[in-house]
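What follows is each chain in one-letter form.
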Amino acid sequence: MSDLVVSGASVIHGSTLAVDDVSMTIRSGELVAVLGPSGCGKTSLLLAIAGLLPVREGSIAIGSRELSRPGRVVPPEKRGIGWVPQEASLFPHLSVAENIGFAVPRGRGRAARIRELAELVGLGALTNRAPNQLSGGQAQRVALARALAPRPEVLLLDEPFAALDTQLRTGLRREVAELLRAQGTTSILVTHDQEEALTLADRVAVLRDGHLEQFGTPEEIYQQPASDWVARFVGDVVELDGAWRGGRVTCALGAVEAAAVGFTPADGDTVRLMLRPEWIVPRPDLLAHAAAGADARVASISYAGHDAMLSCDLTAGLTVRMRMAAVDLPAVGEDLRLAVQRPGLAYPVPA
Ligand SMILES: Nc1ncnc2c1ncn2[C@@H]1O[C@H](COP(=O)(O)OP(=O)(O)OP(=O)(O)O)[C@@H](O)[C@H]1O
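Residues numbered from 1 in each chain as written. Predicted model: local features only at pLDDT ≥ 70, side-chain atom pairs only at ≥ 80, totals over all residues. Heavy atoms only, no water.

Under an unreviewed UniProt entry, the name given to the protein chain is ABC-type quaternary amine transporter, and the source organism is Microcella alkalica.

Asker: Please provide a residue-by-residue account of helix α4 (residues 136-148), values included.
Answerer: Helix length check: α4 (13 residues) gives 19 Å between terminal C-alpha atoms against 18 Å at 1.5 Å per residue, within 8%. For α4, the buried fraction is high: eleven of the 13 residues fall into the buried class. Along α4, the positions that sit buried rather than exposed are G137, A139, Q140, R141, V142, A143, L144, A145, R146, A147 and L148. Those residues of α4 that are buried lie in contact with β7 (81-84), α2 (96-101), α3 (110-120), β8 (154-158) and α5 (166-183). (Helix = DSSP H or I, 4+ residues; strand = E, 2+ residues; numbered from the N terminus. Expected span 1.5 Å × (residues − 1). Buried < 20%, exposed > 50% of the residue type's maximum accessible area, 1.4 Å probe, protein only. Contact = heavy atoms within 4.5 Å.)

Asker: Pulling in residues and values, what's your account of the sheet that holds strand β13 (residues 248-251)?
Answerer: Spatially, β12-β13-β14-β21-β15 is the arrangement adopted by the five strands of the closed barrel, whose pairing is mixed. Between one strand axis and the next, the sheet turns through 50° on average, direction left out of account. Pairing of strand β14 (residues 254-260) with strand β21 (residues 344-348) involves three bridges; the strand directions are parallel. Counted as the bridge partner of A259 is L345 from β21. (Pairing = 2+ DSSP bridges. Axes fitted to C-alpha atoms, helices over the stretch in contact; angles between N-to-C directions.)

Asker: Tell me about the domain arrangement of the protein chain, and name the residues and values.
Answerer: How big an interface is tends to be stated in terms of the accessible area lost upon association of its parts. Assigned domains within the protein chain: domain 1 (4-231) and domain 2 (236-348). The C-alpha centroid of domain 2 is placed 39 Å from the C-alpha centroid of domain 1. Surface buried jointly by domain 1 and domain 2 totals about 790 Å² across both partners, of which 46% is contributed by carbon and sulfur atoms. Among the residues domain 1 hides against domain 2, the three largest losses belong to Y222, Q223 and A231. Together they make up 62% of the total. Run the count over domain 1 and domain 2 and you get zero salt bridges. Of all the elements in the fold, those that place two or more residues in the side of domain 1 that touches domain 2 are α7 (218-223) and α8 (228-233). Of the residues forming the side of domain 1 that touches domain 2, the biggest block, three residues, is contributed by α7. Of the residues in the side of domain 1 that touches domain 2, the class split is five nonpolar, two polar and one charged. (Domains from an automatic or database assignment. Buried area = accessible area lost by both parts, 1.4 Å probe. Salt bridge = Lys/Arg side-chain N within 4 Å of Asp/Glu carboxyl O. Nonpolar A, V, L, I, M, F, W, Y, C, P; charged D, E, K, R; others polar.)

Asker: Break down the UniProt feature "domain: ABC transporter" (unreviewed entry) in the protein chain for me, with residues and values.
Answerer: Using the residue numbers shown here, the UniProt feature "domain: ABC transporter" (unreviewed entry) corresponds to residues 4-234. Across residues 4-234 one finds 33% helix and 29% strand; the C-alpha atoms that close the span lie 25 Å apart. (UniProt positions renumbered as here; feature names shortened; annotations may be inferred.)

Asker: Any details on the packing of aromatic side chains? Residues and values, ideally.
Answerer: Applying the stated criterion across every chain, the model contains two aromatic pairs. A cation sits over an aromatic face here: R342 above W279, 3.8 Å from the ring centre. (Phe/Tyr/Trp six-rings, centres within 6.5 Å; stacked < 30°, edge-to-face > 60°. Lys NZ or Arg CZ within 6 Å of the ring centre and 35° of its normal.)

Asker: Could you give an account of the packing of α4 against α5, with specific residues and numbers?
Answerer: Packing of α4 against α5 brings their axes to within 11 Å, and their N-to-C directions diverge by 15°. The angle between α4 and α5 places the two elements in the roughly parallel class. Crossing of α4 against α5: the hand is right-handed. Where α4 abuts α5, its residues G137, Q140, R141, L144 and L148 lie against L168, L172, E175, V176, L179 and L180. Across the contact of α4 with α5, the residue classes break down as seven nonpolar, two polar and two charged. (Parallel < 35°, antiparallel > 145°, perpendicular 65-115°, else oblique. Left-handed = near helix turned anticlockwise from the far one by under 90°.)

Asker: Explain the environment of V104 to me, using residue names and the numbers behind them.
Answerer: Its location among the elements puts V104 in the loop between α2 and α3. Among residues more than four places away in sequence, those in contact with V104 are R110, R113, I114, L117 and A149.

In structure tokens, the structure reads:
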């Protein structure tokens, strides 16, 4: 098995430059999520990898096997790449087994291979069913089995769980990720659901307006966003402007330790401090230390079962949100001393 290498690829979709100079190496067996807002080029990137759109610049290859470059496209059926679409789009007049079998070559062992694939996706008992007798989740399992049938080197999944209800989606996507890992299939999952991307993928590619903003592990994307845009797009952020001095930002939350991302501020510069809401914590032990932390009053609490989001009015005049485990929550109106429990991220203030 080889890596999938996308190298400086640009793709025109209609009249739009949908993918703009994207480079990424997807390691053999890796599950990569492509995340981004609507229209950022996720599907266009997948179509180019599948051979359904040409590249205008750059190249796409699996190992040393070049699949796309300007003026040359290896046809989809010769690329060794499988596709699971958003809607299962099964043949309505064929049974589950026949739908899966559509992609299994004729010959000896065909029936056994169909049975193996049906069992792999948990449909061993439903092989004689017609598509209209399947739930949405079961239909997606058939589409997955059909895509895996020719043993593709790379599997592309275009929002395969988007049409399913929340509970089914959570269960099925975990199962599918485990199955793909067990098979060692290199997979690219397009999604606009950040939770899906962060929980399932080995690495996440964040696209914006056709550009690759960041490609990293879920922890890197969440804890060290490469830009303020990624910080805002993936997860919740608390934003405070303050003065930079020697690795600290003096703002309404006090003097908060921070790392500058992608620029080098000078002492005295105004920077934008970004924090995740769970990085802000109540610190009753700091009440006696006037220099540390910031005084706040709980303005509202949004309870979510396992945790809660608190809006706190700072004495200094701003409101910040903090997320905490929903155990012994403070009450609305309670006074707290807040501090930041890990270094924040500093970005330039937008012009
Ligand atoms: N069928 C099409 N014909 C012409 N242009 C298209 C077509 N589909 C997409 N585009 C253009 O390509 C750009 C990228 O679209 P693409 O579908 O790749 O984005 P996406 O990130 O997958 O969006 P979504 O999350 O909404 O599916 C769009 O802004 C649009 O202008």
